[in-house]
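Remarks on the overall topology
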Amino acid sequence: MNIFETISLRRSVRNFDGCAISDSQAKQIRQSIQHASSPFGGNYTIKLVNVDDVDEFKPSTYGVIKGAKSYLLLGLDVSDARSWLSGGYALEQVVLDITAMQLATCWVSGTFRSSSFERVADLPQGQKLIAVIPVGVPAQQKSFIEKLMRTFAKCGTRKPFSDMFFMNNFSTPLPDDGQFAKPLEMMRWAPSAVNAQPWRALVKGNEVDFYYTGSGNAKILDMGIGLCHFALACDALNVTGAYVNNEFHESGPDGTTYLISFIQA
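Residues numbered from 1 in each chain as written. Predicted model: local features only at pLDDT ≥ 70, side-chain atom pairs only at ≥ 80, totals over all residues. Heavy atoms only, no water.

Some words on the pattern of salt bridges
Let me state the cut-off plainly: The working definition used for a salt bridge is a side-chain nitrogen of Lys or Arg within 4 Å of a carboxyl oxygen of Asp or Glu. Think of it this way: any DSSP run of H or I at least four residues long counts as a helix, any run of E at least two long counts as a strand, and we number them from the N terminus. Working definition: with a 1.4 Å probe on protein chains only, accessible area under 20% of the residue-type maximum means buried, over 50% means exposed, and in between means partly exposed.
This structure, assessed with the given rule, holds four salt bridges. Here Arg-188 and Glu-185 are joined by a salt bridge, their closest N and O atoms 2.9 Å apart. On the criterion of helical spacing, the pair formed by Arg-188 and Glu-185 is a turn pair, its members being three residues apart in helix α6 (residues 181–188). Of the two residues examined, Arg-188 and Glu-185, each falls in the buried class. Through salt bridges with shared partners, a single ionic network connects Lys-204, Glu-207 and Asp-209.

This is how it looks when you write it as structure tokens:
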């Protein structure tokens, strides 16, 4: 399964079959965690844990999770924007590896009211638990709440490509056949909190300037997830380059903030 197939298969699942993943699956996921990395620096921790006493929990931001026993936990230094960016970037690599294993996941960030996660997290000093991801086999039937949440968040839909990605200026939509079109399309399908899709990009020759809509560290976490999709697609297409801070970037539209640029080598 190539990365384009994996991204197309990934979806958010909230209703699981009630079983923990197997030892061999857990070993494979922990290997993925060890290999996950980020070019942005920062301080973050990813763990895979079993939480036997959580049959259902209601995160403050994203629906109801039922039947999951295995979870990925993301902890990071919440005072450092690089940690938010890297945490999303690295953990999404693991999520996509899990998707390729034909297991299901769902990003859940925000406030966690279940003490079970805090108890097993055991994070390094200075880090805070900011996201959990249930991992497992989907239940055969979606619950009513899951159906409702997917409808509310429009989980199966994305904003038009032409509304997100531009060429040379923010008035000219990016053609869908350029060298960066496929990686940006993969970014378009990345998961984000309540499916807000904050990513925006301006392509100028061999450079892609990335922006995000809204404000706050949660948006930077989402950008890390989206940039992971972009980078993996670039790797698959042999498009090499590096992320840099472009001091001469264009001013983005109102409500957007410049984040970083990708320069093709």
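Having put the structure on the table, let's press on.
Looking at the packing of helix α3 (residues 81–100) against helix α7 (residues 217–236)
So the rule is basically this: Structural elements are reduced to axes, namely lines fitted to C-alpha atoms, with helices fitted over the stretch in contact, and the angle between N-to-C directions of any two is expressed from 0 to 180 degrees. Roughly parallel refers to an angle under 35 degrees, roughly antiparallel to one over 145, roughly perpendicular to one between 65 and 115, and oblique to any angle outside these ranges. Left-handed describes a crossing whose near helix is turned anticlockwise from the far helix by less than a right angle; the clockwise case is right-handed. Contact criterion: two residues are considered in contact whenever any of their non-hydrogen atoms come within 4.5 Å of each other.
Contact geometry for α3 and α7: axes closest at 7 Å, N-to-C directions at 45°. Viewed along their axes, α3 and α7 adopt a mutual orientation that is oblique. In this structure, α3 crosses over α7, and the sense of that crossing is right-handed. For the pair α3 and α7, the contacting residues are Ala-81, Trp-84, Leu-85, Gly-87, Gly-88, Tyr-89, Glu-92, Gln-93 and Leu-96 in the first and Asn-217, Ala-218, Ile-220, Leu-221, Met-223, Gly-224, Ile-225, Leu-227, Cys-228, His-229, Ala-231 and Leu-232 in the second.

Digging into the environment of Ala-242
Secondary-structure assignment places Ala-242 in strand β11 (residues 241–244). Take Ala-242: its relative accessible area is 39%, and that puts it in the partly exposed class. Taking the C-alpha atoms as reference points, Ala-242 and Ala-265, separated by 23 residues in sequence, lie 7.3 Å from one another.

Considerations on the nonpolar core
As a reminder, the rule being used: Nine residue types can take part in a nonpolar core, namely buried Ala, Val, Leu, Ile, Met, Phe, Trp, Tyr and Cys, and a core is a set of them joined through side-chain atoms within 4.5 Å.
Among the nonpolar cores identified, the biggest contains 55 residues, and Ile-29, Leu-72, Leu-184, Phe-210, Leu-227, Phe-230 and Tyr-243 are the most heavily contacted of them. If you tally residues by element for this core, the top one is α7, at nine residues. Counting residues in each nonpolar core, the second largest holds 15 residues, with Phe-16, Val-49, Ala-104 and Cys-106 among its members.

Topic: the pairing of strand β7 (residues 128–136)
Side-chain positions along a regular strand alternate between the two faces of the sheet. Under the convention used in this document: Two strands pair under a simple rule: DSSP has to find at least two bridges between them.
In terms of burial, β7 is a largely internal element, eight of the nine residues being buried. Here seven bridges tie strand β4 (residues 70–76) to β7, and the two strands are oriented antiparallel to one another. Opposite Ser-70, over in β7, you have Val-135 as the bridge partner. For strand β5 (residues 104–105) and β7, the ladder comprises two bridges, and the chain directions are antiparallel. In the sheet register, Ala-104 faces β7, and the bridge partner there is Gly-136. Relative to β7, strand β6 (residues 108–109) runs antiparallel, the two being bridged by two bridges. If you follow Val-108 over to β7, its bridge partner there is Val-132.

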